Amino acid sequence: MCENELINDIFTKFQQSLDSDQETREVIRTICKEIDQISREAVTYLQIIHHKEEGISQACLKTRGLFEKARQGYLRLKEAVPPTDYFKYHEHWRWVTQRYSFLIALVIWLEVGILASHETVAEILGISPIEEKEGFHLDIEDYLIGLLLLCSELSRLAVNAVTRGDYNKPLQISRFVMELNAGFRLLNLKNDHLRKRFDALKYDVKKIEEVVYDLSIRQLLPKTADEPKIEDSKEADS
Amino acid sequence: MSGRGRGYRGNRNRNQQTLSSVARETALSLPADSPVLAMFKTAARQLNERQDRHERLVKLSRDITIESKRIIFLLHSAITKEATEKAVAEANDRLNKLIKGPFKCIGLELEKSPAYLHSRAVTAGFQEFIEAKTLCSLMDKGVLITWDEVQKEMQYTVKDSADDGDTERAVVTMLTPTDYMLGVADLTGELMRRAVNSISSGDSQECFQSCQYVRDLYTGFLGLFGIGKELARKMNTTRNNVAKVELAVYALKVRGGEAPPTLLIQQPPMTDWEDSTHHSDDEGYY
């Protein structure tokens, strides 16, 4: 039957496109798994920042080595993904890329105390920061979510730094996160994943504020020149 | 703790540090033109552009959906042969207008941005259009229009007027094979409706033909593996369509000889045409 043949033809062609799609996905999945493992290793290394001050620079150095490995992975990923189909397969590396954005931003903050820009993060991963019609890049949303992850981690660090007796760090963290918070408010977020993650930022901010407040009412904050002297007060409820 | 504490302490001693004053001081100490904020301003611009484009595409897609549904309705409305021919001609005309209008706009809109970034914005319109297009081609020529043929129709040449003469560039509105297949899955619903309608108009030949076509398509879908989530979901509807159309043909065979065709009139209720978001209404009734 002639019509049947046409239908057969249509379905065979579609099956072929499905097959080649599956093959590409398989390759991408394998690479993403490797990259993911490296990122988990890096996360584990960096846990030391919460309990051992002296270990921080060492951990940063080790993590930098892992970034180099991840960069190799991204290089292969870039080759595996057809240049036009970045967003077709985006799901596969979205999470792991967000984690890398976070890790890189964290390491850079620990090292020099500044915010890693979109370009810097992309450069460390060996990919382009610019979204073009074709090609592999670091998506702006993934980068921003990485920054939100960073804020959560820093809120934890603020608490642990105080436990360690480091009263300077919470202030530094507070200033940094506040600035990020102000930055995120400039974005017009719609009701998507980024927005949901951003909504959680206020809890991190609150936590950090409370730490700084606790320190300030106990006069534990390091003195700056222009700060007025505050009278001592003991708090019963905190 | 913070809310209660703030008010209480604030009233008791103005000089004292409060949670909100700590926060305010930090916020005020931020420089207005820091590199961080500049970075966020760039990001905001990028995100806004993306969102605006998305909204425009959703609107175009919605326009296409509505017009496609109307075209399908038009194709179903004809009963006599002459009326059908007229309806098909008009439908072809309107489909071409869609290709030259909204589809071209989508192509231009997406010209500079990566493929698939906005595929979710336009998929509904594409599917509905394919449904109308394939139904029309079936009624017109008796064959299903293929993906390549539709894709070929969506290639445009755009003229740029520049100082040093006009330049032409090619713009393609990409139709993904998956969107095409999703549209074809919806087509089974329309064919079922057509089969049932043709019983009521007494054209049993037409009915058998449509029924066979639904079967063939269903067979094709059964043979696929590794289909996406969306297509898998549509398979249920397709299966129901096959069952319904086969039952209708059975009824026609068994009882058709006993009663005049007019007694079998059972028009599907068509109240939900404007509902563009759901695909489940494509199942139809009989």
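Thresholds, definitions, all that
Residues numbered from 1 in each chain as written. Chains lettered and ligands numbered in written order. Predicted model: local features only at pLDDT ≥ 70, side-chain atom pairs only at ≥ 80, totals over all residues. Heavy atoms only, no water. Patch = residues over 30% accessible without salt bridge, like charges linked within 9 Å, V, L, I, M, F, W, Y side chains within 5 Å. Areas by Shrake-Rupley, 256 points an atom, 1.4 Å probe, with all protein chains shown as cover. Salt bridge = Lys/Arg side-chain N within 4 Å of Asp/Glu carboxyl O. Helix = DSSP H or I, 4+ residues; strand = E, 2+ residues; numbered from the N terminus. Phe/Tyr/Trp six-rings, centres within 6.5 Å; stacked < 30°, edge-to-face > 60°. Buried < 20%, exposed > 50% of the residue type's maximum accessible area, 1.4 Å probe, protein only. UniProt positions renumbered as here; feature names shortened; annotations may be inferred.

Chemist: What's the story with a nonpolar patch on the surface in this structure? I'm lost.
Modeler: Together, Leu 247, Tyr 250 and Val 254 of chain B line one region of the surface with nonpolar side chains, adding up to about 290 Å² of accessible area. Within the fold, Tyr 250 of chain B resides in helix α10 (residues 229-256).

Chemist: Looking at this model, I keep getting lost on the packing of aromatic side chains. Mind explaining?
Modeler: Residue and element names in this part refer to chain A. The full count for this structure, using the stated rule, is 13 aromatic pairs over all chains. Taking the centre distance of 5.0 Å and the plane angle of 80° together, the rings of Tyr 86 and Phe 136 count as edge-to-face. In this pair, Tyr 86 sits in the loop between α2 (55-80) and α3 (90-112) while Phe 136 sits in the loop between α4 (118-125) and α5 (140-164), placing the two residues 50 residues apart along the sequence. Residue classification places Tyr 86 among the buried residues on the basis of a relative accessible area of 2%. Here Trp 109 and Phe 176 contribute two aromatic rings whose centre-to-centre distance is 5.8 Å and whose plane-to-plane angle is 50°, an arrangement assigned as tilted. With Trp 109 in helix α3 and Phe 176 in helix α6 (residues 168-185), this pair connects stretches of sequence that are 67 residues apart. What makes Trp 109 buried here is its relative accessible area of 2%. Ring pairs connect the aromatic residues Phe 67, Tyr 74, Tyr 86, Phe 87, Trp 93, Tyr 100 and Phe 136, which therefore count as one cluster.

Chemist: Looking at this model, I keep getting lost on the UniProt feature "binding site: Mg(2+)" (unreviewed entry) in chain B. Mind explaining?
Modeler: Residues and elements named next belong to chain B. Residues annotated by UniProt as "binding site: Mg(2+)" (unreviewed entry) correspond here to Glu 131 and Glu 190. Across 60 residues in sequence, these annotated residues keep their C-alpha atoms within 8.1 Å of one another, forming a single compact spot. Along the chain, the position of Glu 131 falls in helix α6 (residues 119-141). With relative accessibility at 0%, the residue Glu 131 sits in the buried group. Tracing the sequence through the fold places Glu 190 in helix α8 (residues 177-200). For Glu 190, a relative accessible area of 0% corresponds to the buried category.

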